Amino acid sequence: GSAQTITNGIDLNGEGGLVWTKQRSDVRDHQLYDTARGADKALESSDTIAQHTGGAGVIAFNSNGFNLGAGSRANQNGEEYVSWTFRKAPKFFDIIDHTQTGSEPSTVTLNHNLGCDVGMIIAKVYSHTNAWIVWHKDLGSNYSMNFDTDAKSYFGGTGVSTSSTSITI
């Protein structure tokens, strides 16, 4: 329950990335913190709510891990937690932070830094209540899934396409 540093040898401060935490000893939503939005801004993969701040979860990204605040989101006294850290790296993981404007077309092309075709996309509008969109290459270009259901959904439009430098959704 007290503030602590998690040292895992992963440079989040310099390279960027994501920390995904889950309380194991009680029922609590998964918490996702990324360097694009900044520390102490969490998304919950099992919910459609907008991001929340001030929950004393991941409060800093370091050159060798991250810091947890003294609080209940990812560090409640007497509870057990697990976390996974994904560092941005070519052919592995990237974060794209995109602000959509009202004048954008229904499909949008976004650049990434993977240097390969994309195998999986996880997308969330973090400023509003919206479902997560999870696309995987094995679903086909016109289908996606959400974290809160096991049914695949028709994506519509022209579907998803990827290249070694961009995704179009």
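Residues numbered from 1 in each chain as written. Predicted model: local features only at pLDDT ≥ 70, side-chain atom pairs only at ≥ 80, totals over all residues. Heavy atoms only, no water.

## Points about the environment of Asp 94
So, point 1. Residue position: Asp 94 is located in the loop between β8 (81–87) and β9 (109–111).
So, point 2. The sequence separation of Asp 94 and Gly 14 amounts to 80 residues, and the corresponding C-alpha distance is 14 Å.
So, point 3. Engagement of the side chain of Asp 94 in a polar contact is seen with the backbone nitrogen of Asn 113, the distance being 2.7 Å. (Helix = DSSP H or I, 4+ residues; strand = E, 2+ residues; numbered from the N terminus. Polar contact = N/O pair within 3.5 Å; in protein donor to acceptor, adjacent residues only side chain to side chain.)

## What to know about the sheet that holds strand β7 (residues 65–68)
So, point 1. Spatial ordering of the open sheet is given by β1-β7-β6, a layout of three strands whose pairing is antiparallel. Here the strands that pair on one side only, and so sit at the sheet edges, are β1 (4–7) and β6 (58–62). Sheet twist, expressed as the average angle between the axes of neighbouring strands with direction ignored, equals 20 degrees.
So, point 2. Summarising the sheet, β1 and β7 pair through four bridges and their orientation is antiparallel. Counted as the bridge partner of Thr 7 is Gly 65 from β7. (Pairing = 2+ DSSP bridges. Axes fitted to C-alpha atoms, helices over the stretch in contact; angles between N-to-C directions.)

## Some details on the packing of aromatic side chains
So, point 1. A complete count under the given rule lists five aromatic pairs for this structure.
So, point 2. Judged by centre distance (6.4 Å) and plane angle (50 degrees), the rings of Phe 92 and Phe 93 are tilted.
So, point 3. Accessibility expressed as a relative area gives 54% for Phe 92, which makes it exposed.
So, point 4. For Phe 93, a relative accessible area of 19% puts it in the buried group.
So, point 5. An aromatic cluster is present here, built from Trp 20, Trp 132 and Phe 147 joined pairwise through their rings.
So, point 6. Above the ring of Tyr 126, the side-chain terminus of Arg 37 is found at 5.6 Å from the ring centroid. (Phe/Tyr/Trp six-rings, centres within 6.5 Å; stacked < 30°, edge-to-face > 60°. Buried < 20%, exposed > 50% of the residue type's maximum accessible area, 1.4 Å probe, protein only. Lys NZ or Arg CZ within 6 Å of the ring centre and 35° of its normal.)

## Observations concerning the side chain of His 52
So, point 1. Within the element layout of this structure, His 52 appears in strand β5 (residues 52–53).
So, point 2. Note on His 52: relative accessible area 14%, which makes it buried.
So, point 3. A distance of 3.4 Å separates the side chain of His 52 from the side chain of Gln 31, its partner in a polar contact.
So, point 4. In contact with His 52, not counting residues within four places along its chain, are Gln 31, Asp 40, Lys 41, Ala 42, Glu 44 and Arg 73. (Contact = heavy atoms within 4.5 Å.)

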